[in-house]
Amino acid sequence: MKIGFLTSIREDHGLQGENYLKRNMTNLAPMYLANFINKRGIGVDIQIKDNLEDLLSFKPDILGISSVTENIEFAKKLAAQAKELWNPITLLGGVHITALPKTLPKIFDIGVLGEGEETICDLLTSILRHGTLPSDDELIKIPGLVFHTQKGVYQSPNRKGVPLLDEIPFPQREQFIKKMGAAYIMTSRGCPYTCNFCVIPNVSEGYRKHSPKYVVEEIKSIKGHFPEIKSIRIFDDLYIVDRRRVEEIADLVSAEGLNRELSFGCWGRANLIDEKMVKVFQKMNMLFVAFGAESGSSRVLSQIKPGVSIEQNQRAIDLLHDNGVRVSCSVIMGHPIETEDDLWATYEFIEKNIDKLFEVEFNVATPWPGTELWQIAKKRGIVKDEMDFTPLKECAYFPNYCTDLYPYLNERISPERFDVIMSEFKKLFWKTIRTMKESGASRETNPKSEIAELY
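Keep in mind the model is a prediction, meaning the values are calculated, not measured.

*Asks:* Describe the nonpolar core, listing the residues and the values that go with them.
*Replies:* Ile240, Phe291, Phe362 and Met422 are the most contacted members of the largest nonpolar core, which totals 135 residues. In terms of residues, this core owes the most to one element, helix H18 (residues 415–441), which gives seven residues. If near-sequence neighbours (up to four positions away) are discounted, Ile240 is found in contact with Val246, Cys266, Trp267, Gly268, Arg269, Leu272, Ile273, Met277 and Phe281.

Written out as structure tokens, the structure reads:
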């Protein structure tokens, strides 16, 4: 039996840089699945591809497609094309179906919810045993699934995430990637915090982490199979939760001499960044740290991201910048409670730090399924479980944003006025881009250096 994996990413929108990321930042999720399937000894032939066309000669019996919310319509098109071309069993996984399991599109036979390693193995075992799509009575016995029945969409019992992450082998990239682009790893899953705009608490069970030894072995594997790689991005939702673990990883990286061969980047949180953490970053050769500043207004920040203050955000920027670590911040505008004064406070926060920031990510508050913002928007009739999510892709690129196309959540500022204010933020966006390019051009090394690879 053959199984093929695809990641649903639209390519007809012209968003800057996304095609590059798709080709050069391969989704790790299907590689985790592939390696776990192999570890279990399940006899299936696996291919992971970027495009449906690349699977035509393989014609897998099972096609698994992973999709985020903004790409779900494209995922449905991919499944429909596959059904027409060779009629595989179609599986849907990813954040969107996990957040909205009852919305399983009819073109998909089964949805895999949450972390898929154990679920996909149980499902494949059942399919191999029956030689076809199992009956409803069989599927009901497999936790972590959603599927169609004569009575409608049925969701089987929830499946707990793998408690000991080291039981999941790290991706064998060399089996599926001919040439590594931007290298990245995931050293943990989940996040202990509950920001109201973030979907992670709803789609991931708690916070679990790989051991320092596991992490360093994966880094060594990447370097061994792809010696041209000079930088690795740690793509955890929040890498620095466990200070002792971060210190141990840095110690092992240093002991192996990897910090002389590689540089690193990660996501942090301002309240967890202090002088001691910066020293750990330096020991590991962490050249790039990103965190969500979110707002320049204390009132807004306290409600959307508890536990972090404006002062902590500023201190983190200063500490990182003054110690030679490139810092990136993200901000979110348009929260339901936000006033004009709050918006301008965010503008001023960015503007006064522009020379210290390597990158600024501008976002408008989005009601992603599975978030508190989604529930707020749903109660107000702005969104619904079954809707066209396509515009979310177009406006994910901040210069494209306008309230006519986007679910607009703010209750204090008219859409027309908000668009006027956003025009000023877009000017600031382009100013940050120019500043970043000038900063990169001034480096002694080529702009396509460690920082460029991390970015």
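The rest of the description comes next.
*Asks:* So, the pattern of salt bridges: which residues are in play, and what are the values?
*Replies:* Applying the stated rule across the entire model yields 26 salt bridges. Taking the shortest distance from any N to any O, the salt bridge between Arg40 and Glu118 comes out at 3.6 Å. Within this pair, whereas Arg40 is found in the loop between helix H2 (29–39) and strand S2 (45–48), its partner Glu118 is found in helix H5 (residues 117–130), the two being separated by 78 residues in sequence. Ionic pairing is found between Glu275 and Arg315, a salt bridge with its closest N-O pair at 2.8 Å. Of the two residues, Glu275 is situated in helix H12 (residues 275–284) and Arg315 in helix H14 (residues 310–322); the sequence distance between them amounts to 40 residues. Overlapping salt bridges, with partners in common, bring together Arg40, Glu118, Asp122 and Arg159 in one network.

*Asks:* Explain the state of the cysteines to me, and be specific about the residues and the numbers.
*Replies:* Counted by the stated rule, this structure contains zero disulfides. Looking at the unpaired Cys329, the closest cysteine sulfur is the one in Cys266, lying at 13 Å.

*Asks:* Lay out the environment of Gly94 in plain terms, naming residues and giving numbers.
*Replies:* Its location among the elements puts Gly94 in the loop between strand S4 (89–93) and helix H4 (95–99). Once the C-alpha coordinates of Gly94 and Ile65 are considered, the two residues, 29 residues apart in sequence, prove to be 8.2 Å apart. With near-sequence residues (within four places) excluded, Gly94 lies in contact with Ser66, Ser67 and Val112.

Cut-offs used in this document
- Residues numbered from 1 in each chain as written.
- Predicted model: local features only at pLDDT ≥ 70, side-chain atom pairs only at ≥ 80, totals over all residues.
- Heavy atoms only, no water.
- Core = buried A, V, L, I, M, F, W, Y, C linked by side-chain atoms within 4.5 Å.
- Buried < 20%, exposed > 50% of the residue type's maximum accessible area, 1.4 Å probe, protein only.
- Helix = DSSP H or I, 4+ residues; strand = E, 2+ residues; numbered from the N terminus.
- Contact = heavy atoms within 4.5 Å.
- Salt bridge = Lys/Arg side-chain N within 4 Å of Asp/Glu carboxyl O.
- Disulfide = S-S within 2.5 Å.

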